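Coordinate inspection notes
The chain contents come next:
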Amino acid sequence: MKKRHYLLLLALTALTALAQRDPMHRYNTKFTLSEENFVDTIPIEFEDDQIYIHATVNGLDYRLNIDTGSSQGIAYANGHLPYGRILGKVESRDANGRIDTIQAVAFPTFTIGHLTISGYSGSLFRRHHTPAKYDAIIGFDLFNKGLSAKIDTREGIMILTDIRNYFDMEEGYRFKYRLLRFVPNVKLSPYPNCIDEALFDTGSRRLYVMGNRSLDLFYDRSPDISSQIESRSHGHRAVGGFGAEKADRLTFLWLDGFNLGGYEFRDYHTMTTQGYSRIGGELLRYGSLIINPRRKTMTFQPYNEGDAIMVSNSQTNIAFIPQNDRPVVGMVWEGGPHYRNGFRQGDMILQIDNHFINTFNDFLTYPFIEGRQHVFLVRSLDGAIHEIVSER
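Residues numbered from 1 in each chain as written. Predicted model: local features only at pLDDT ≥ 70, side-chain atom pairs only at ≥ 80, totals over all residues. Heavy atoms only, no water.

1. A short note on the nonpolar core
- Ranked by size, the top nonpolar core spans 63 residues in total, and within it F110, Y191, F258, F265, I279, L283 and M298 carry the most contacts.
- When near neighbours in sequence (up to four residues on either side) are disregarded, I279 contacts V186, L188, A198, L199, F200, D201, R206, L207, Y208 and F258.
- Membership of the second largest hydrophobic core comes to 14 residues, among which are I349, F360, F363 and Y366. (Core = buried A, V, L, I, M, F, W, Y, C linked by side-chain atoms within 4.5 Å. Buried < 20%, exposed > 50% of the residue type's maximum accessible area, 1.4 Å probe, protein only. Contact = heavy atoms within 4.5 Å.)

2. Topic: the packing of aromatic side chains
- What the rule picks out here adds up to 27 aromatic pairs.
- On the basis of an interplanar angle of 85° and a centroid distance of 5.9 Å, the ring pair of F110 and Y120 is categorised as edge-to-face. Of this pair, F110 sits in strand 9 (residues 110–112) while Y120 is found in the loop between strand 10 (115–118) and strand 11 (121–125), placing the two residues 10 residues apart along the sequence.
- Take Y120: its relative accessible area is 1%, and that puts it in the buried class.
- Ring geometry for F320 versus F363: centroids 4.6 Å apart, planes at 50°, classification tilted. Placement of the pair is F320 in strand 28 (residues 318–323) and F363 in helix 5 (residues 360–364), with a sequence separation of 43 residues. (Phe/Tyr/Trp six-rings, centres within 6.5 Å; stacked < 30°, edge-to-face > 60°. Helix = DSSP H or I, 4+ residues; strand = E, 2+ residues; numbered from the N terminus.)

3. Some remarks on unusual backbone geometry
- Positive phi outside glycine occurs at N193, with the angle close to 65°.
- In this structure, N193 sits in the loop between strand 16 (183–191) and strand 17 (194–200).
- Although it is not a glycine, D325 sits at a positive phi angle of roughly 65°.
- Its location among the elements puts D325 in the loop between strand 28 and strand 29 (326–332).

This is the structure we're talking about:
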């Protein structure tokens, strides 16, 4: 009896030690900054509607993506940034609403501009389907720390400060945000008498995508919605941190305009998603943005004069998703050129211009040339293999 009791005690001790080694890591902004009462102008790069800054670690240069849709940083297990010790586990939710438990890690001390940041933490992902255009992500915790920022893609700068009222005299279209799971959500109006709450996510590229749940709510409030629907389909297009969204109905929208903080974006083609409604990094094509975390406001300063802009963009024609790490057509718009050229949902890309495409990353990094016709060898859902000539 004593022996069994001793063995049980050993087992409980081992489990307790294991739990202590792998606790749940809580969200915090306890990282430290090297300066106080500072204003720093940091160069940024704006590429494919994404914001990048450069950071140094031990004299080496790394490229970081500024992603307001991520509550904290993200490091990559198979990346270049030398992350530190494991801090525990953290529950993570991607933009499609999928949840998983992953590890949290300590970032190395790094410097952006004249500011050195120590004790920063983030989630640890394995990079599966994202081209290695950057080494890590800086999340919205940079601003939740109390730092205000002005992001100006035309000038290629981000002004960062801890001075409380530094941007108070700046003019523009101001709107409030609220934090949900530590990331900002803003309100906009896509139809008269309709308010959509959208994740403000610079990690997402599109100016605005509407969640299916929002569209369902708006049907009863605005009779004009049907006239602004181009077509309906079924499929999936958005790829989050934990994979592609589930296949579901898709609605292709042609909005007369949507209003954000009193500024109007007119003649805008978009579509629905199974995840959250989102405002993405494309917003920064049209103006600079001030983030004020103490007042929980953002101020949009348009580059053009007036209180509106004609976007007049094209509808999304086709989307590719990873399926068992192979590129597959997740959706194709029946009104677009890719459908007319022969693409169908479920087509798997086997070759492009006689080059084998073995992984989704092969597809993402293929050197497509804008305006050029490429030859795609695809396998359709019925197993037939055929060529399609089309632009990417």
